[in-house]
Amino acid sequence: MERFYTAHNRFDAYLVLHRLQQAGIAAHIFNEHMSSIVGEVPPDVAQPQVWLEDRRDRPRAEAALAALRFDRAQTGSVFCRACKEENPASFELCWHCGANL
Ligand SMILES: [Zn+2]
C-alpha cells in the first residue's frame, strides 16, 4: 500500500478512486469520515486519502489523475437530485447514492 493522493474532501477522494478503478488500478480511501475532527489533527492526516494497493501502479495512477483534472476543467459538475452531492457532469450515476443524474 502506498499513499497516492490527499483529497480536499470526500467528493474529491471518490472522483480519484473512481477514475483509478476505471483504469483497472486497485485503490482504497482512508480517513473518509475524519472531517469531524479537523482542527484537532494536522489537515493532511484528517483529509481523505487515496492509497494504491500496488505501488507499481503509481505511473498509471498519475496519468489517470492528470486525465481526471483535465476532464473536470472541461465538463464541470452537476448536483444529485436525491442526495445533493456534487458529481462530475460526465457521471451517469451519483457516486454517493447511486441515483440517476
Ligand atoms: Zn446522490
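A quick note: this is a predicted structure, and the numbers were derived from the prediction, not measured.

Colleague: What is the right way to read the environment of Pro48 from this model?
Modeller: Along the chain, Pro48 turns up in the loop between helix 2 (43–46) and strand 3 (49–52). Remark: the alpha-carbon pair of Pro48 and Phe11, spanning 37 residues in sequence, is separated by 9.4 Å. Pro48 has contacts with Ala7, Asn9, Arg10, Ala13, Ile29, Asn31 and Glu32, leaving out every residue within four places of it along the chain.

Colleague: It is not clear to me how the environment of Asn31 should be interpreted in this structure. Could you clarify?
Modeller: Note on placement: Asn31 falls in the loop between strand 2 (27–30) and helix 2. Spatially, the C-alpha atoms of Asn31 and Ala13 are 9.9 Å apart, while their sequence positions differ by 18 residues. Contact partners of Asn31, with chain neighbours within four places excluded, come to Ala46, Gln47, Pro48 and Gln49.

Rules behind the numbers
Residues numbered from 1 in each chain as written. Predicted model: local features only at pLDDT ≥ 70, side-chain atom pairs only at ≥ 80, totals over all residues. Helix = DSSP H or I, 4+ residues; strand = E, 2+ residues; numbered from the N terminus. Contact = placed C-beta atoms within 7 Å.

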